[in-house]
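Each chain is listed here by its residues.
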Amino acid sequence: MEGGQRGLTVTQVQYVLEVAACKNISRAAERLFISQSALSQQIHRLEHELGFPLFTRTARGLELTEDGVVFCREAQPAVEAWMAFHHAVVSMGKPKNLRLRIVVGARVYSNGLFPDIVRFFDAHPDMEAVFVTEAGRDYLADLRNGTIDLALDRLPSEDYLDKRPEFYTRELVRERQCVLTSPQDPRAACAALTLQDLQGCAMISGLENSAEDRILKETCKQFNIAFRRVYRSDGIETSMNLVRSGRGVVLGPQSFAEYYRVAAVTLVPGEETALRFICLRGSLKRREVHQFLSHLLSVCAAYGFLDGGGEGNLNTPD
């Protein structure tokens, strides 16, 4: 290769690799979007500058010479490195899409908030949204490890984060907890039900050890309740189908009644649950997270979900 590499370019090297892969000048030219004659000229010019042939013609088409094999072996990683470098340089200075990965609990839909969430992203084309809807997902662990950015869901209990200062939470919607039954269930006509009234009935819950399942087990232990059986599902639609068909009851918010076409009977003594915005405190420093929270608070204040309406103004925690 004495003194013959002055004209060597990345483009020429890419041409050689393509011809070596296709074993045919015509096919390689099609894939490179250049004419067959232009490609042949480039290969011959390079071989002249290198001082040795890269290809030889055989019955199977163009084959690499021994020197050609060495050339391609050395060239492949060099071209890949060049392409990575080129992509990085071209991308510099260009605006990058911001991505929010959001766990969306069923209460978002039943309270009519999802269309407003979509409108936020429509108004921010620089942001991408990934919605995660698996029921029973351990989203707190996902927040810690960065698999998701924030969650719109209830907490396992009202005081769950008291000893977890790394999390930030903001209440969006507070609702009465009800017993959800089939409209044909005789209990649907009751003004209120206690947990003891559910003794011996069939209950519908999340998968074993899901947040919903843990809450149900704690409730049963606290009030000494035994159910006839428990149906388990990781999908809210399946759970509500079981309720509508009269297979069992489930504890849930008032908003589920109209949305899922079931009956809701107030649970006494009174108990409330809240749909919350939940993320790591450090995430609030991200512009997209801060803007999204501000949007949600304004929407919830406009709907009257937030007392006094003043909660629409976000004060970032220290």
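(A) Spotlight on the overall build of the protein chain. Helix and strand counts for the protein chain stand at 11 helices and 12 strands. Reported as C-alpha extents along the three principal axes, the dimensions of the protein chain are approximately 95 × 45 × 35 Å. Here the protein chain, with 318 residues, has 41% of them falling under the buried criterion. The contacts of the protein chain with a sequence gap of at least 6 include a subset with a gap of at least 24, amounting to 72%. Computing the positive centroid from 37 side-chain charges and the negative centroid from 40, the protein chain places the two 2 Å apart.

(B) Up close: helix α3 (residues 36-50). When the terminal C-alpha atoms of α3 are compared, their 21 Å separation across 15 residues agrees well with the 21 Å that a helix rising 1.5 Å per residue should span. Of the residues making up α3, those classed as buried are Leu39, Ser40, Ile43, Leu46, Glu47 and Leu50. For α3, the arc enclosing every buried residue in end-on projection is 130°, short of the 170-degree limit, so these residues lie on one face. In α3, the exposed residues that point more than 90 degrees away from the buried face are His44 and His48. Positioned one or two residues after α3, Gly51 has a phi angle of 90°, which is positive.

(C) Broad picture of the pairing of strand β2 (residues 61-64). Where strand β1 (residues 55-58) meets β2, 4 bridges bridge the pair, whose relative direction is antiparallel. Note that in β2 the partner of Thr58 across the bridge is Gly61. In sequence, β1 turns back onto β2 through a hairpin of 2 residues.

Calculation notes
Residues numbered from 1 in each chain as written. Predicted model: local features only at pLDDT ≥ 70, side-chain atom pairs only at ≥ 80, totals over all residues. Heavy atoms only, no water. Helix = DSSP H or I, 4+ residues; strand = E, 2+ residues; numbered from the N terminus. Buried < 20%, exposed > 50% of the residue type's maximum accessible area, 1.4 Å probe, protein only. Contact = heavy atoms within 4.5 Å. Lys, Arg positive; Asp, Glu negative; His and termini not counted. Charge placed at Lys NZ, Arg CZ, Asp CG, Glu CD. Expected span 1.5 Å × (residues − 1). Arc of directions from axis to C-beta. Pairing = 2+ DSSP bridges.

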